[in-house]
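Given next are the chains, with one letter for each unit.
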Amino acid sequence: MSRNDRGEYSPSVTDEEILAFIAREDRPIQTAQSVGDQFGIDRSQAYRRLQRLADDGALEKSKVGGRAVVWWLSTESEQASEATICDVNPDDSIFDRETFEAGEPTNTSENIDDILYGDAGSA
């Protein structure tokens with residue numbers, strides 16, 4: 001943690017960064033130790049941050065052994081992430097452009113605006 005302009009402690013890693021780390025990892029679960037290692041914070045600080053995220057409903061947790069706890073994105077967080085990632089506008093003009101075949105000569109670098117947005121002169 002670091003101090004802000006008023007001398008108050010502020011986290012060196014945001015909640016969004018923690019959630020993004022958990023969402024993009026190959027394992028669907030993480031431990032406080034793995035989160036701490038990823039962000040260079042001690043395990044107890046990572047545990048407190050994860051617990052706060054669980055209290056807020058962003059994470060779920062389960063005790064899996066004597067003192068071992070695992071954390072994962074809650075169903076609500078997964079749905080929010082999927083909505084953000086998969087939010088595609090089917091009316092976007094990029095879907096209306098002509099397609100090209102392999103080997104077909106194209107000059108897309110000079111005509112990129114026309115390809116993506118139609119004839120710029122007609123706007």
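Parameters and conventions
Residues numbered from 1 in each chain as written. Predicted model: local features only at pLDDT ≥ 70, side-chain atom pairs only at ≥ 80, totals over all residues. Heavy atoms only, no water. Salt bridge = Lys/Arg side-chain N within 4 Å of Asp/Glu carboxyl O. Helix = DSSP H or I, 4+ residues; strand = E, 2+ residues; numbered from the N terminus. Buried < 20%, exposed > 50% of the residue type's maximum accessible area, 1.4 Å probe, protein only. Patch = residues over 30% accessible without salt bridge, like charges linked within 9 Å, V, L, I, M, F, W, Y side chains within 5 Å. Areas by Shrake-Rupley, 256 points an atom, 1.4 Å probe, with all protein chains shown as cover. Lys, Arg positive; Asp, Glu negative; His and termini not counted. Charge placed at Lys NZ, Arg CZ, Asp CG, Glu CD. Core = buried A, V, L, I, M, F, W, Y, C linked by side-chain atoms within 4.5 Å. Contact = heavy atoms within 4.5 Å. Phe/Tyr/Trp six-rings, centres within 6.5 Å; stacked < 30°, edge-to-face > 60°.

All told, the structure shown has two salt bridges when counted by the stated rule. Of the charged contacts in the structure, one is a salt bridge between R49 and D15, with a shortest N-O distance of 2.8 Å. Of this pair, R49 sits in helix α3 (residues 43-55) while D15 sits in helix α1 (residues 15-24), and the two are 34 residues apart along the sequence. Each member of the pair, R49 as well as D15, carries the same accessibility label: buried.

Further remarks concern a positive patch on the surface. A contiguous patch of positive charge on the surface is contributed by R43, K61, K63 and R67. Mapped onto the elements of the fold, R43 is located in helix α3.

Looking now at the nonpolar core. With 16 residues, the main nonpolar core has I18, I22, V35, L50, L59 and W71 as its most contacted residues. Here this core takes four residues from α3, the largest share from any one element. Excluding residues within four positions of it along the chain, I18 makes contact with V13, V35, F39, R49, L50 and L53.

Let us now look at the packing of aromatic side chains. In this structure the tally under the stated criterion is two aromatic pairs. The interplanar angle of 75° and the centroid separation of 5.7 Å between the aromatic rings of F21 and F39 together place this pair among those described as edge-to-face. Pair noted here: F21 is in helix α1 and F39 is in helix α2 (residues 32-39), with a separation of 18 residues, a long-range link. For F39, a relative accessible area of 22% corresponds to the partly exposed category. Ring centres of Y47 and W71 lie 5.5 Å apart, and the angle between their planes is 75°; on these two criteria the pair is classed as edge-to-face. Of the two residues, Y47 is situated in helix α3 and W71 in strand β4 (residues 69-73); the sequence distance between them amounts to 24 residues. Here W71 falls in the buried class, since its relative accessible area comes to 0%.

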